[in-house]
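Structure assessment
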Amino acid sequence: MTHNQEFTVYLITKRDILRFCVIEIVIGSITYSLALKLFHNTILAGAGGWACTEGLKRLVKLGG
């Protein structure tokens, strides 16, 4: 009986960390606060902030 052992290495670069911080934290916070002022509801603001952040990530992925 042979055992097939795999070893996977994931590389996390500085660019990936900075991109995560900018897109997820900074832009997510800005869109959440804008949505909160627009809707006056935390659930809708959370959904709006999430939708804007995800939409922006997809736009960036499509653009380049």
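Let me begin by describing the structure that accompanies this report.

Quick notes on the rules
Residues numbered from 1 in each chain as written. Predicted model: local features only at pLDDT ≥ 70, side-chain atom pairs only at ≥ 80, totals over all residues. Heavy atoms only, no water. Helix = DSSP H or I, 4+ residues; strand = E, 2+ residues; numbered from the N terminus. Rg over C-alpha atoms; globule rule 2.2 N^0.38 Å. Buried < 20%, exposed > 50% of the residue type's maximum accessible area, 1.4 Å probe, protein only. Areas by Shrake-Rupley, 256 points an atom, 1.4 Å probe, with all protein chains shown as cover. Axes fitted to C-alpha atoms, helices over the stretch in contact; angles between N-to-C directions. Parallel < 35°, antiparallel > 145°, perpendicular 65-115°, else oblique. Left-handed = near helix turned anticlockwise from the far one by under 90°. Contact = heavy atoms within 4.5 Å.

1. Structural notes on the overall build of the protein chain
A tally of regular secondary structure across the protein chain gives 2 helices and 0 strands. Taken over the C-alpha trace, the protein chain has a radius of gyration of 18 Å; the compact-globule value for 64 residues is 11 Å, which it surpasses by more than 25%. For the protein chain, buried positions account for 14% of its 64 residues. Accessible surface, the protein chain as shown: approximately 5800 Å² in total, 67% of it carbon and sulfur.

2. Section: the packing of helix α1 (residues 14–39) against helix α2 (residues 42–63)
A pair of packed helices is captured by two measures, namely the crossing angle of their axes and the spacing between those axes. For the pair α1 and α2, the least separation of the axes is 7 Å and the interaxial angle reads 140 degrees. Viewed along their axes, α1 and α2 adopt a mutual orientation that is oblique. The hand of the α1/α2 crossing is right-handed. The segment α1 lies against α2, with R19, I23, E24, I27, G28, T31, Y32, A35, L36 and F39 engaging T42, L44, A45, G46, G49, C52, T53, E54, L56, K57 and V60.

Spatial relationships are all this shows, so hold off on functional conclusions.
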